Amino acid sequence: MSLFRLNLKVVNETQQRTRFSLSIINLSAVTLNDWKLHFSITRFLESQSFTLGSCSQVGSFCTVTRLPNLKPADTMTTEFEMLTPPLQLQCDGILEAFVVSSEDEYSVEVMPLQLMQPTTKSPTIAPVKAATVAIIPKPNKLAVKPGHFQFSRGESLAITTEMAKDAALWLCEAQQTLHLNLSQMEDRIHFKQCDTLKAQAYQLDISTDKISIYANSKQGFSHGVATLLQLINDNNSAPCVEISDSPAYDYRGMMLDCARHFHQIEQVKLIIEQLARYKYNHFHWHLTDDEGWRIEIKGLPELTDIGAWRAIDLPLTAQFRHIQSKYGGFYTQQQITDVVNYAQRRGITVIPEIDIPGHCRAAIKSLPQLLLDSDDHSVYRSVQHYNDNVLSPALAGTYQFLDHVLEQVATLFPAPYVHIGADEVPEGVWTKSPRCQALMKKHHYADEKDLQGHLLRYVENKLHSLGKRMLGWEEAQHGGKVSQQTVIYSWQSEQAAIDCARQGFDVVLQPGQYTYLDMAQEFDETEPGFYWANITPLKHAYHYQPLQDIPPTDPIHKKVWGIQAGLWCELIDNEQKLQYMVHPRLQAIAEVCWTQADDKEWTDFLSRLKTDLQRLDRRGMTYRNPWH
Ligand code: TNX
């Protein structure tokens, strides 16, 4: 039990501004002398508005000093303000807190934020009957026939093509109670190559005495097994069906942020497994950000010795959660190879993201000798409240660093792409750096966006020389210097993708309004998540219709590779929270990615989902139950 308790309460709010009262109660027997309050919050506080104490903030980490002594049983209260429209969720408040006095350090119990107008309504979803044949995403063509195929223990799978091997092994691994094994002989279950099928397509025929999976690629077989796994029921039998299936979009992805909080390798693999089960085919791995560098780079050990760890007394200060102790982690190159191979066996391509030039605080703090422009007096504040997180395009060290990192990334990840981020470079950056200004002058650049373009063009060429194509967030084409070989991932809106596609770029759609799994799932103050794009209930995510207002004959449809879901992890520091945000919206978006728009139907999806959630229960997984 904590000996100190913190209450945060909204005391006044307008459309632009919110005023809070923060109190801390001393339940201990000691008097706090010369003490500091540390806490984390994702919002930016107006430090000059504190009525008591003086507050400084680095990212989400706040420190309040110059506080009066606090005797046992006493309460201290300070007020402060924030520029924000009215807050809606408790997780907008303080996440964690602790106090440090001249004598000792104490944990603080943080009570839920008291909002002005809390919402508790949870629109109910009509009850549905669980479907017996429940495949997500819904297949193109499905005919259910009478009868069942009954698996026997130790049944063998006949694979007549190497292409099918990994998929067949997956089936064996996933159905362990059946002790399935591989064989080359004619058996009851077989995998056969079919030349006439499209790359990602598959066919699945189940009759009472035979199961056949046909495909023309590794991925196709993987999708066939994903469907079969959803058909095998508790009695180890599967209904007789004829399925002929292929995706609406070639690219179906999910991005996972492993920088804000660190996710163990097993958790990353489980996400990849889930992606395969819902027939996604890309895993976008966000490996670096302001709050952590998570990939081992040989020859630059500082990146993970320093950049992978946060604590109040380290170069990277505490952020978000676990603020009272040292927190972090990174993936060794061997672990990364292991993940890449695992994904490959599931038919999934892993795309690494090294976010530059913004979101680079962890790298800069780790390698100041290469990356810090000490004469840069520019004043800026990034979206996540940092004033020191952007690489300088005018330092030789920046290019050395990028060459070194990209060469290793290119070798580690066999995918023909590398994502370079490029999002959220703050306004004001590089303006007061003599080196940057000289570089701009030399090239006759009009503004700082040109400088960003200058750096990204270098990176694009470097990647090209390594045999890789560059991917970036929508800001990657700012400054107009990268080629149209760059693929743009739009996130702030779908419109950004449309505009880029019109300019000739290939695009992936990841609009925050529909596909961001870090957005809260319901209009209820206790729901975890952000809502800058909007609160995103399951139904809303399900009804995303890409490029809905653009006529089907418009050539820009051809520029759309596909759709991606994304999970940013500022608020997510454990497996349960992660799975709660992912499921069941990942299932809904899978259907947006795979199923033809005319074939989607909400109630039908729900009845399949109901069965699917029972499958998650059996596997001990967490999800948000839309019926509760
Ligand atoms: C925007 S999406 C970001 C991330 C944040 C996210 C939170 C994008 C390219 N940048 O840095 O984590 O919002 O929702």
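Residues numbered from 1 in each chain as written. Predicted model: local features only at pLDDT ≥ 70, side-chain atom pairs only at ≥ 80, totals over all residues. Heavy atoms only, no water.

Draft legend 1. Summary view of the overall build of the protein. When helices and strands are counted, the protein shows 16 helices and 27 strands. Against the globule reference of 25 Å for 628 residues, the protein gives a C-alpha radius of gyration of 26 Å, in line with a compact fold. Counting all 628 residues of the protein, 60% fall into the buried class. Here the protein carries 58 positive and 73 negative side-chain charges, and the mean point of each set is 3 Å from the other. (Helix = DSSP H or I, 4+ residues; strand = E, 2+ residues; numbered from the N terminus. Rg over C-alpha atoms; globule rule 2.2 N^0.38 Å. Buried < 20%, exposed > 50% of the residue type's maximum accessible area, 1.4 Å probe, protein only. Lys, Arg positive; Asp, Glu negative; His and termini not counted. Charge placed at Lys NZ, Arg CZ, Asp CG, Glu CD.)

Draft legend 2. Summary view of the site of the ligand. Near the ligand there are 14 residues, and of these Arg 260, Tyr 516, Asp 518, Trp 532 and Glu 570 occur at the shortest range. For the ligand, an oxygen atom lies 2.7 Å from a polar atom in the side chain of Arg 260. Separating an oxygen atom of the ligand from a side-chain N or O atom of Asp 518 is a distance of 2.6 Å. Assessed atom by atom at 2 Å from the grid points, the ligand resides in the largest pocket. (Near = heavy atom within 4 Å. Polar contact = N/O pair within 3.5 Å; in protein donor to acceptor, adjacent residues only side chain to side chain. 1 Å grid on protein atoms, 1.4 Å probe; cavity = no way out; pocket = protein on both sides within 12 Å on 5 of 7 lines; lining within 4 Å. Sits in = over half its atoms within 2 Å of the grid points.)

Draft legend 3. Geometry of the sheet that holds strand S4 (residues 54-58). With respect to topology, eight strands assemble into an open sheet ordered S4-S5-S3-S7-S8-S1-S2-S6, the strand pairing being mixed. A strand with exactly one partner marks an edge of an open sheet, and here the two such strands are S4 and strand S6 (75-83). Averaged over all pairs of adjacent strands, the angle between strand axes in this sheet comes to 25°, irrespective of strand direction. Of the strand pairs in this sheet, strand S3 (residues 36-40) and strand S7 (residues 96-100) are connected by five bridges, and their pairing is antiparallel. (Pairing = 2+ DSSP bridges. Axes fitted to C-alpha atoms, helices over the stretch in contact; angles between N-to-C directions.)

Draft legend 4. How the structure looks around the layout of surface pockets. Its volume calculated, the largest pocket comes out at about 860 Å³. Looking at the largest pocket, it is lined by 32 residues, and the ones nearest its centre are Thr 42, Arg 43, Val 383, His 385 and Trp 532. Of the residues in the lining of the largest pocket, the class split is 13 nonpolar, nine polar and ten charged. (Points joined across faces, edges and corners; volume = space filled by probe spheres on them. Nonpolar A, V, L, I, M, F, W, Y, C, P; charged D, E, K, R; others polar.)

Draft legend 5. Inspection of helix H11 (residues 494-503) at higher detail. Within H11, burial applies to Glu 494, Ala 496, Ala 497, Ile 498, Cys 500 and Ala 501. Contacts made by the buried residues of H11 are with strand S25 (487-490) and strand S26 (506-509). The backbone nitrogen of Gln 495 has a side-chain oxygen 3.4 Å away, supplied by the residue at the start of H11, namely Ser 493. Gly 504 sits one or two residues past H11 and shows a positive phi near 115°. (Contact = heavy atoms within 4.5 Å.)

Draft legend 6. Structural view of empty space enclosed by the protein. In this structure the tally under the stated criterion is one cavity of 30 Å³ or more. Quantified by volume, the largest cavity comes out at close to 80 Å³. Lining the largest cavity are Ala 226, Leu 229, Gln 230, Gln 274, Arg 277, Tyr 278, Asp 612, Arg 615, Leu 616 and Arg 619. Going through the elements one at a time, helix H2 (218-231), helix H3 (265-277) and helix H16 (602-618) are the ones with two or more residues in the lining of the largest cavity. Across the lining of the largest cavity, the residue classes break down as four nonpolar, two polar and four charged.

Draft legend 7. Just the nonpolar core, in detail. Membership of the largest hydrophobic core comes to 135 residues, with the highest contact counts inside it found for Phe 191, Trp 285 and Phe 401. Those residues in contact with Trp 285 that sit more than four places away from it in its chain are Leu 256, Cys 258, Val 268, Tyr 331, Ile 336, Val 339, Val 350, Ile 351, Pro 352, Glu 353 and Phe 413. Core analysis: the second largest hydrophobic core is formed by 54 residues, Ile 94, Leu 471, Ala 520 and Trp 561 among them. (Core = buried A, V, L, I, M, F, W, Y, C linked by side-chain atoms within 4.5 Å.)

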